[in-house]
Amino acid sequence: EGGPPLKVIFSVLAILGGLAVLNSLFYTVEPEEVGVILRFGEYHRVTEPGLRMKGPPPFEEVIKVPIQRQLKEEFGFRTRESNIRTAYEKGNYLDESLMLTGDLNVAVVEWIAQYRVSDPYQYLFKVRNVRDTFRDLNEAVMRQVVGDKTVNEVLTIGRQAVASEVKQRLQELCTEYETGIKVEQIVLQNVNPPDPVKPSFNE
């Protein structure tokens, strides 16, 4: 007694529910993205940037994929903060970067793989854990290429050749495995002998 009648409460709840459903029908795709629509959990279509409309959950859902943004994976190090002075994570990533050269020497190779998503459908649905697969392919290819070079080539004059060869072989594998990834650049950051043997190597 004294409170709002039940009819008013039900009307307010119905309006709020209607607004929630209406809100779920519209979504915005940013200029650097596409929207991948799943219908009952399966791929249905790709939508372009802008304000778009879809069916309500659970009939349809959207996954936004950045196809224009350059992405990167780091090996042998991790960037914590990228500013005027870049800060790096402290940690031991030698399992990624310690490699055997063709003349049976050891080098520490740190690199960045820069890439874009070229095919959203393949990127999302063709390979399970595509990011992990891409990292595994990077390591396998880099070890293969470094294993064909002498330590002097890897540490000095052959660095650009290593990067170019890794990019080419990596792209071939990404295409073969239908990852939906376009490799844009392999950047060798630091290539050095391991710390314990640096003095001997410098001599």
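Nothing here was measured: the structure is a model prediction, and the numbers come from that model.

Enquirer: Sorry, what's going on with the sheet that holds strand β3 (residues 42-47) here?
Expert: Strands in a sheet are paired, the pairing made by backbone hydrogen bonds, and the direction either parallel or antiparallel. Across the sheet, which stays open at both edges, the three strands sit in the order β3-β2-β5 with antiparallel pairing between neighbours. Edge positions in the sheet fall to β3 and β5 (60-66), since each of these pairs with one other strand and no more. Taking the axes of each pair of neighbouring strands and ignoring which way they run, one obtains an average angle of 30° across the sheet. Summarising the sheet, strand β2 (residues 33-39) and β5 pair through seven bridges and their orientation is antiparallel.

Enquirer: Even after reading the chapter, I still don't get helix α6 (residues 159-176), so can you show me in this structure?
Expert: Given 3.6 residues to a turn, an α-helix orients residues that are three or four positions apart in the same direction. If you check α6, its first and last C-alpha atoms are 26 Å apart, about what 18 residues at 1.5 Å a residue would give, namely 26 Å. Three or more residues of α6 are buried, namely V162, A163, V166, L170 and C174. The buried residues of α6 occupy an angular sector of 90° when projected down its axis, which confines them to one face. Opposite its buried face, α6 presents the exposed residues Q160, Q168, T175 and E176, each directed more than 90 degrees away. Where α6 is buried, its residues meet α4 (130-146) and β11 (181-192). Positive phi shows up at E178, right after α6, with a value of about 55°.

Enquirer: Would you mind showing me how to read the pairing of strand β6 (residues 71-75) here?
Expert: Two faces make up the sheet, and in a regular strand the side chains alternate between them. Where burial is concerned, most of β6 is hidden: four out of the five residues are buried. Both β6 and strand β10 (residues 106-117) contribute to a ladder of five bridges, which runs antiparallel. Across the sheet, L71 pairs through a bridge with Y115, a residue of β10.

Enquirer: For this particular structure, what's the right way to read the environment of T79?
Expert: You can see T79 is positioned in strand β7 (residues 79-81). For T79, a relative accessible area of 25% puts it in the partly exposed group. Among the polar contacts listed, one links the side chain of T79 to the side chain of E74, at a separation of 2.5 Å.

Enquirer: I tried to follow the pattern of salt bridges on my own but got confused; where do I start?
Expert: When the charged atoms of two side chains lie near each other, side chains of opposite charge can form a pair. Per the counting criterion, the structure on display carries 14 salt bridges. Across the pair R169 and D148 runs a salt bridge, and its minimum N-O distance is 3.8 Å. You can see R169 sitting in helix α6 and its partner D148 sitting in the loop between α4 and α5 (151-155), a full 21 residues away along the chain. Connected via shared salt-bridge partners are E73, R78, E96, R131 and R135.

What counts, and at which threshold
- Residues numbered from 1 in each chain as written.
- Predicted model: local features only at pLDDT ≥ 70, side-chain atom pairs only at ≥ 80, totals over all residues.
- Heavy atoms only, no water.
- Pairing = 2+ DSSP bridges.
- Helix = DSSP H or I, 4+ residues; strand = E, 2+ residues; numbered from the N terminus.
- Axes fitted to C-alpha atoms, helices over the stretch in contact; angles between N-to-C directions.
- Expected span 1.5 Å × (residues − 1).
- Buried < 20%, exposed > 50% of the residue type's maximum accessible area, 1.4 Å probe, protein only.
- Arc of directions from axis to C-beta.
- Contact = heavy atoms within 4.5 Å.
- Polar contact = N/O pair within 3.5 Å; in protein donor to acceptor, adjacent residues only side chain to side chain.
- Salt bridge = Lys/Arg side-chain N within 4 Å of Asp/Glu carboxyl O.

Just distances and angles here, no functional claims.
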